[in-house]
Amino acid sequence: MVYHNLKALIKGIRACKTLADERALIQNESAAIRTSFKEEDTYARHNNIAKLLYIHMLGYPAHFGQIECLKLVASPRFSDKRLGYLGIMLLLDENQEVLTLVTNSLKNDMNHSNMYAVGLALCTFGNISSEEMSRDLSHEIEKLLGSTNTYIRKKAALCALRVVRRVPDLLENYVQRAKGLLQDRNHGVWLTGVTLITEMCQNDESCLEEYRKAVPLLVKQLKSLVTTGYSPEHDVSGITDPFLQIKILRLLRLLGKGNQEASDTMNDILAQVATNTDSTKNVGNSILYETVLTVLHIEADTYTASKLYSALLADISQESLTLAAVWIIGEYGEALIESGLVEEEEAKPVTDENLVNLLETVLNGPYINTLSRQFVLTALIKLTARPVVSQTQQERITEILGSYATNPALEIQQRSVEYINLYNQPEIRSGVLEQMPAPEIKATVMGTVSENRTVGSTRTDTDSLLDLDSDLAQNGAANVVPQAAKQNTQDLLADIFGSSSETSAPVAPSQPAAPAKSSVNDILGLFDSAPAASSVTSPTSAPTSTFTSPIATGNPLFAALGDIAPQPQQQPPAQAVTPQPAPQQARPLAQSYIAYDGHELKISLTPAVSPARPGVVNILARFQVSGGNAASNVNFQAAVPKTQQLQMLPMSNQTVAPGATETQQLRVIAPAGAHIRLRIRVAFTIGSENVQDQVDFSGFPPNLTTGGQ
């Protein structure tokens, strides 16, 4: 049956009772779409692409529709362009050769009279542009940055950001254009413009001096955001456009670092942000966090400390002001005492007694809470490590701290006792309480994200697995377990349990070296299973150390902890060993089961179970090629029913060479007695063919989850 529109196709797919029915329907519909593409019917092409994109979203192959999307983009109708560009963004990425055919269409639509058609082209460029496309269309992006339309200008700014990241050599083309974005009143243009300028300043230090001239403009905009009244369009939890505030603070941090003039310009607004921001909500805490980072990085310690001191002296009722000012006083109180209050005409002196008095007032005030009290106690102990604080005030601080040594709040009591003990150890006090260094700003803090990605069903990350049946849920999808450390297990346990080298028997000089430990065995150790012995020990071999589970030896401490790594025990020579029953541990079943065999790639699954842990099945997947071609970019994914859980380790090598065997570890946790069922999706390249396939596997014996018994 051929479905004539997307709505009918969705209804038909939802009516499928089994996965086999769904796959058959998708295959028939895909064949019908391929046939229809040959007829060159524009109306039918629109419907077919819509259906094909839905099929792609379900995880089925849809790459054969790439060229048809290009034909839709060339259509004069806006609805065709919109669907065509959507298809290009879903079915293509910057690594596809077909992408070169899109460049001309993008250039034409960037000069279109309809601003929404221009927006479609810019959106597509920002998502999939490659280095070559960025060079070809850089001039068009630069021109659109000067558009009078805010809708186009903000999208062009994001495209310029893409160009700067892909081709840093073209950065200088946007320096002057980006300045114009800071003259706009639209918050969207401001947000994208500040993001673009931040990226350019990070990539090229020469831009810092150019944009330091714009610091007053940034300060003015930030002040407007902080002091403005309720704005329903930009309000988030009572704060006006916190996203833009954070972006501006990050840019100010870059521009003020190492520059006294720029730092002085932004001093007042930083103090104002710290004073007026509500810290009772996460939004406010985010802004305060960025404010503190900015203060730490710019040349404004004394000025900022002076402003916050004055503000706290005038009003101790605002929690956000209290937290920020108390923290700054604790860190930079020494600079405040040395420089005094920085006023417009002359500096007013501030003594150590003034600082302690203010902190004590806050501590005893009616607005104090547990969090604020913690901040004040920390600020007080930090002041004792500053040389400018007199001995009299230090003794006064210890009395204040001692008064909280019996406080009913455990956190306050603990801090008080710890701080008093720290004060009585002058040899380490100054080092522990020295000023905090400015934190290192990582790429994630600056909002930089990696855009290296592939598209659709060709993606290699494990999160691309889609549940395609109602009985498979997201909590049954595979979660990749981090790769285990390569440290030798015996050495690690020796460190943990304190065993020395004397507990290990010496190795005779004539004894051959032990074979290298297989990576597969290391991985099996992660799943509490032991690999099968690869060889039989000779009766004349030297004594060796073996591992025995502490639980098996009856140690109640380890029994309470449950599964834990075993400890080393001495074993006598082989000829003196008295046969004893081996402890129950995970044992691999003898039989392997073929899960997939096609396109010269064979995947077999070997389960391992433990009678002591019914319901836990460790599976070793082996990958082999039968022909003379290597299988590359092998992506193996699996899912289980929602009543079961699945974990996966990374594949040993994503390229399977002829004659080689690659492995991947899986672990399934299921109710005892349940039948293990896997839905397997595999994608790989062999020869010049890209293969994507999906199979359902239920070939394990039904007694597997009962421990193999």
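Preceding this paragraph is the structure being described.
Undergrad: Report on helix α3 (residues 42-57), specifying residues and quantitative values.
TA: Across its 16 residues, α3 extends 23 Å between first and last C-alpha, which sits within 8% of the 22 Å expected from 1.5 Å per residue. Residues Ala-44, Arg-45, Asn-47, Asn-48, Ile-49, Ala-50, Lys-51, Leu-52, Leu-53, Tyr-54, Ile-55 and His-56 constitute the buried set of α3. Buried residues in α3 make contact with α1 (6-14), α2 (19-37), α4 (66-73) and α5 (78-91). Two residues or fewer past α3, Gly-59 is found with a positive phi of approximately 100°.

Undergrad: Explain the pairing of strand β13 (residues 678-686) to me, and be specific about the residues and the numbers.
TA: Taking burial as the measure, the nine residues of β13 include nine buried ones, the bulk of the element. Burial along β13 is two-sided: Leu-678, Ile-680, Val-682, Phe-684 and Ile-686 and Arg-679, Arg-681, Ala-683 and Thr-685, pointing in opposite directions, are all buried. Here seven bridges tie strand β10 (residues 631-639) to β13, and the two strands are oriented antiparallel to one another. Of the residues in β13, the one forming a bridge with Gln-637 is Arg-681. Judged from the nine bridges that link them, β13 and strand β14 (residues 689-697) form a sheet pairing that is antiparallel.

Undergrad: Describe the packing of aromatic side chains, naming the residues involved and giving the relevant values.
TA: On inspection of all chains with the given rule, the structure shows six aromatic pairs. Their ring planes at 75° and their centres at 6.5 Å tell us that Tyr-596 and Phe-684 sit as a pair that is edge-to-face. Here Tyr-596 is found in strand β7 (residues 593-598), whereas its partner Phe-684 is found in strand β13, with 88 residues between them in sequence. Relative to Phe-636, the ring of Phe-623 has its centre 5.3 Å away and its plane inclined at 85°; by these criteria the two rings are edge-to-face. Taken together, the residues Phe-623 in strand β9 (residues 616-625) and Phe-636 in strand β10 connect sequence positions 13 residues apart. By relative accessible area, which is 4% here, Phe-636 ends up buried. Among the aromatic side chains, those forming a connected cluster through ring pairs are Tyr-593, Phe-697 and Phe-700. Seen from the ring of Phe-64, Arg-34 lies directly overhead, with NZ or CZ sitting 4.1 Å from the centre.

Undergrad: Could you give an account of the nonpolar core, naming the residues involved and the relevant values?
TA: Membership of the largest hydrophobic core comes to 137 residues, with the highest contact counts inside it found for Ile-88, Leu-122, Met-200, Tyr-211, Leu-218, Ile-248 and Met-266. Leaving out residues up to four positions away in the same chain, Ile-248 has contacts with Trp-190, Val-194, Leu-218, Gln-221, Leu-222 and Leu-225.

Undergrad: Break down the sheet that holds β14 for me, citing the residues and quoting the values.
TA: The strand order across the open sheet formed by three strands is β10-β13-β14, and the pairing between neighbours is antiparallel. This sheet does not close on itself; its edge strands, each paired only once, are β10 and β14. Each strand of the sheet is rotated relative to its neighbour by a mean of 15°, with strand direction disregarded.

Undergrad: Tell me about the pairing of strand β11 (residues 645-648), and please be specific about residues and values.
TA: Burial along β11 is one-sided: the face carrying Leu-646 and Met-648 is buried and the face carrying Gln-645 and Gln-647 is not. One ladder, built from four bridges, connects β11 with strand β12 (residues 662-669); its direction is antiparallel. When the bridges of β12 are listed, Gln-647 appears paired with Arg-667.

The rules behind these values
- Residues numbered from 1 in each chain as written.
- Predicted model: local features only at pLDDT ≥ 70, side-chain atom pairs only at ≥ 80, totals over all residues.
- Heavy atoms only, no water.
- Helix = DSSP H or I, 4+ residues; strand = E, 2+ residues; numbered from the N terminus.
- Expected span 1.5 Å × (residues − 1).
- Buried < 20%, exposed > 50% of the residue type's maximum accessible area, 1.4 Å probe, protein only.
- Contact = heavy atoms within 4.5 Å.
- Pairing = 2+ DSSP bridges.
- Phe/Tyr/Trp six-rings, centres within 6.5 Å; stacked < 30°, edge-to-face > 60°.
- Lys NZ or Arg CZ within 6 Å of the ring centre and 35° of its normal.
- Core = buried A, V, L, I, M, F, W, Y, C linked by side-chain atoms within 4.5 Å.
- Axes fitted to C-alpha atoms, helices over the stretch in contact; angles between N-to-C directions.

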